[in-house]
Amino acid sequence: MLQYAVIGVGTLGKALIKRLMNKPSVEVMAFDNDIKEIEAIKNSVTQAMRIDSTQKEALEAIEINKFDAVIVTMGDDMMTSVLTALLLKELNVKNIIARYSDEKHKAILSMIGITNLVSPEESMGTHIAEQLEVGNSTLLYDLTEYHSIVEFKVSSDFAGKSLKELDLRKKYKINVVAIKKETTSILGNEKTVVDCTPDPDELLVENDILVIAGHDKDIEKLAKRMS
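### Examining helix α5 (residues 103–111)
Piece 1. Measuring from the backbone nitrogen of lysine 104 back to the side-chain oxygen at the start of α5 gives 3.2 Å, which picks out aspartate 102 as the cap.
Piece 2. Downstream of α5 by a residue or two, glycine 113 has a phi angle that is positive, lying close to 100 degrees.

Given below as structure tokens:
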């Protein structure tokens, strides 16, 4: 079960929560300092709680670093946004996504080490959801509400085996779209090679990237197998 925290339940926060709650095996916790916003959203999320995200003790109390991703959606109050993001970094949150309201706000968030930044449009709720990691995979594109294309890093369990041997289509109803490999050119530069017609007999190498398509439930089963 993936757990996401959304800090700030404004327009963007609500759009994001709605999108995430449609995903299977996902829990969404909503946090805001405004009790009215919490009351309004509490029946639409796994859990909603009023907290002051600028207080380190409050974030520690909810074990914020245990979440698979934390999304800071408030943008109008730049100081609250920046202080929250800074505390998340201090608490070693592994995946932080933050909204910025203008270029100054963006620059400050970048300076404190936030690399996943999104602009203020309401539609970004969907964009953020599409960027979140699913287990050890990365969601690239939603084909439908319940079908996606994702990237999987080949684990040690799958390394040394061929696509034919793994038979992902039969076992997981998953289609392998491509394989991405990191290689070094003759000039010593690292580059990514994408094979869109992978040989079913070729042995996979650990840390190769499988680009796969399938139903979200089947992708989740494969994610558990590869984690």
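Moving on, there is more to tell.
### Considerations on the packing of helix α4 (residues 78–90) against α5
Piece 1. Relative orientation of the contacting elements α4 and α5 amounts to 15 degrees, with a least axis distance of 10 Å. Between α4 and α5, the angle falls in the class roughly parallel. Between α4 and α5 the crossing geometry is right-handed. For the pair α4 and α5, the contacting residues are Met78, Ser81, Val82 and Ala85 in the first and His105, Ile108 and Leu109 in the second.
Piece 2. Looking at the contact of α4 with α5 residue by residue, the class counts come to five nonpolar, two polar and no charged.

### Observations regarding the side chain of threonine 73
Piece 1. Position of threonine 73 relative to the elements: it lies in the loop between β4 (69–72) and α4.
Piece 2. There is a polar contact of 2.4 Å between the side chain of threonine 73 and the backbone oxygen of glycine 8.
Piece 3. Sequence-distant contacts of threonine 73, that is, excluding residues within four places in its chain, are made with Val6, Ile7, Gly8, Val9, Leu12, Gly13, Leu16 and Arg99.

### Description of unusual backbone geometry
Piece 1. Non-glycine residue glutamate 63 carries a positive phi angle of around 50 degrees.
Piece 2. Among the secondary structure elements, glutamate 63 is positioned in the loop between α3 (56–61) and β4.
Piece 3. Its relative accessible area of 44% is what places glutamate 63 among the partly exposed residues.
Piece 4. Positive phi outside glycine occurs at aspartate 167, with the angle close to 50 degrees.
Piece 5. Relative to the assigned elements, aspartate 167 resides in the loop between α7 (163–166) and α8 (168–172).

### What to know about the pattern of salt bridges
Piece 1. Scanning the entire structure with this criterion turns up nine salt bridges.
Piece 2. Lysine 164 is paired through a salt bridge with aspartate 201; the nearest N and O atoms lie 3.0 Å apart. Here the residue lysine 164 occupies a position in helix α7, and aspartate 201 occupies one in the loop between β11 (190–195) and β12 (209–215), the gap between them amounting to 37 residues.
Piece 3. We classify lysine 164 as exposed; its relative accessible area is 54%.
Piece 4. A salt bridge links lysine 181 to glutamate 202; its shortest N-O distance comes to 3.9 Å. Residue lysine 181 is found in strand β10 (residues 175–184), and its partner glutamate 202 is found in the loop between β11 and β12; the two are separated by 21 residues along the sequence.
Piece 5. Note on lysine 181: relative accessible area 22%, which makes it partly exposed.
Piece 6. Residue classification places glutamate 202 among the partly exposed residues on the basis of a relative accessible area of 35%.
Piece 7. Here the residues in one salt-bridge network are Lys181, Glu202 and Asp208, joined through shared partners.

What counts as what
Residues numbered from 1 in each chain as written. Predicted model: local features only at pLDDT ≥ 70, side-chain atom pairs only at ≥ 80, totals over all residues. Heavy atoms only, no water. Polar contact = N/O pair within 3.5 Å; in protein donor to acceptor, adjacent residues only side chain to side chain. Helix = DSSP H or I, 4+ residues; strand = E, 2+ residues; numbered from the N terminus. Axes fitted to C-alpha atoms, helices over the stretch in contact; angles between N-to-C directions. Parallel < 35°, antiparallel > 145°, perpendicular 65-115°, else oblique. Left-handed = near helix turned anticlockwise from the far one by under 90°. Contact = heavy atoms within 4.5 Å. Nonpolar A, V, L, I, M, F, W, Y, C, P; charged D, E, K, R; others polar. Buried < 20%, exposed > 50% of the residue type's maximum accessible area, 1.4 Å probe, protein only. Salt bridge = Lys/Arg side-chain N within 4 Å of Asp/Glu carboxyl O.

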